[in-house]
Amino acid sequence: MNIENNFSANLLAWFEKHGRKDLPWQHPRTAYRVWISEIMLQQTQVVTVIPYFERFIKTFPNIETLANAHLDQVLQLWTGLGYYARARNLHQTAQIIVNEFNGIFPDKLEELINLKGIGKSTAGAILALAFNQSQTILDGNVKRVLSRCYIIENSNENELWELAKQLTPIQRTAEYTQAIMDLGATICTRTKPRCLECPQQLICQAHQQGVETCFPIPKQRKALPIKQTQMLMIQNAQQEILLQRRPLKGLWGGLWIFPMCEESVEEWFKEHSEEKIAKKYIFPMFRHTFTHFYLDITPIHILMAKKSQFDLPNSQWFSTEKIEVGLAAPVVKLLQQLTSFQLIGA
DNA sequence: CAGCCGTGGAT
DNA sequence: TATCCAAGGCT
């Protein structure tokens, strides 16, 4: 018996007792629900995803309802989850599956990979979890488990894929796939792995050598640049707030945010409006952290004397109680602050 | 192919 | 508080 067989056998035996079997997307485990969950789980922890998944499925119980929805509603349900291209791709892919696949979820690797937002690993996960096909995944969990178990130092992507494929069993692939993710998420964690509870402790090379936490070798990160901006929280006499829709590509694509400006507020107003500012209040600056830069935001609340006109592309007045579009996280935070600020009666 | 794309949890 | 980074994919 080779070591690969031991690996999957150990894992499957462990899964029966200790695997996660009550995650929301496992009941029922349809392709649609597995797909939604896999997209949400990209670079996002299970705890964070669960409430989003519940709301999303409740609103869009099947692929037709998702395909027929407005992008704004999809992005609203995605607000706070990040990586908003995932939501845009999800919406577009739903329409393609309805229109070109007759609403039937594709079950071939090539077809899945050609869909927006579904890469090699997500395609493998959908086929393994929802269709029980013998397909391989290579996500963060699998990379961590394999790089420790087989001590892979310069984690070469192709090498890891080959190893992952060799270890994937022909049968019970759905259980195996869930199991290896569960192992990575609950036992073989990044910090403080619980090796004494691990079904692979006898074959794990890193554990034998006592160097579990040395793997996977962390990538060196560059220092994050700091950018600065002002967010204009412009409110008219009807208490409505002015928001502007971001272009579909790029940061916060398709979301609505407060108008941002780098120059002085007075100069910005000269360019975009003829109205006069009734009241201006500068909030304390705060830092928003992205993956690749910091954004220091100075919020400025501006009260207009009447229902004002703005020469600002893709902008619209919203009632603060009814905003049914996607919002960037700092905008949500500031809207909450503004509401409590006004409740106090300042 | 390296940079881009979010946010919040954990330490 | 600062840092890392989580069920990755796209360009």
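Here the structure is a predicted model, which means the values were calculated and not measured.

Calculation criteria
- Residues numbered from 1 in each chain as written.
- Chains lettered and ligands numbered in written order.
- Predicted model: local features only at pLDDT ≥ 70, side-chain atom pairs only at ≥ 80, totals over all residues.
- Heavy atoms only, no water.
- 1 Å grid on protein atoms, 1.4 Å probe; cavity = no way out; pocket = protein on both sides within 12 Å on 5 of 7 lines; lining within 4 Å.
- Points joined across faces, edges and corners; volume = space filled by probe spheres on them.
- Helix = DSSP H or I, 4+ residues; strand = E, 2+ residues; numbered from the N terminus.
- Nonpolar A, V, L, I, M, F, W, Y, C, P; charged D, E, K, R; others polar.
- Phe/Tyr/Trp six-rings, centres within 6.5 Å; stacked < 30°, edge-to-face > 60°.
- Buried < 20%, exposed > 50% of the residue type's maximum accessible area, 1.4 Å probe, protein only.
- Lys NZ or Arg CZ within 6 Å of the ring centre and 35° of its normal.

**Q** I tried to follow empty space enclosed by the protein on my own but got confused; where do I start?
**A** For the coordinates displayed, the defined rule picks out two cavities of 30 Å³ or more. Put simply, the largest cavity is a space of about 110 Å³. Along the walls of the largest cavity sit 14 residues, with Arg 148, Cys 188, Cys 195, Cys 198 and Cys 204 positioned nearest its centre. Listed by contribution, the elements that provide at least two residues to the lining of the largest cavity are α9 (140-149) and α11 (173-187). The leading source of residues in the lining of the largest cavity is α9, at three residues. Considered class by class, the residues forming the lining of the largest cavity number nine nonpolar, three polar and two charged. Each pocket or cavity is described by its volume, and for the second largest cavity that value is around 60 Å³. As for the second largest cavity, its lining consists of Gln 135, Thr 136, Ile 137, Val 142, Leu 146, Ala 164, Thr 168, Tyr 176, Thr 177 and Ile 180. When contributions to the lining of the second largest cavity are tallied by element, the ones reaching two or more residues are α9 and α11. For the lining of the second largest cavity, the class distribution of residues is six nonpolar, four polar and no charged.

**Q** Is there a simple way to explain the packing of aromatic side chains in this structure?
**A** Between two aromatic rings, the relevant description is the distance of the centres plus the angle of the planes. For the structure on display, the rule yields 14 aromatic pairs. Measuring from centroid to centroid gives 5.6 Å for Phe 269 and Phe 310, while their planes differ by 75 degrees, and the two rings are edge-to-face. In this pair, Phe 269 is assigned in helix α13 (residues 265-272) and Phe 310 in the loop between β7 (294-304) and β8 (315-318), connecting sequence segments 41 residues apart. Pair check on accessibility: Phe 269 and Phe 310 agree, each one buried. Chaining the aromatic ring pairs together yields one cluster made of Trp 268, Phe 269, Phe 310 and Trp 317. Against the face of Trp 161 rests Lys 120, its NZ or CZ located 4.5 Å from the ring centre. Sitting over the ring of Phe 286, Lys 333 keeps its end group 4.3 Å from the ring centre.

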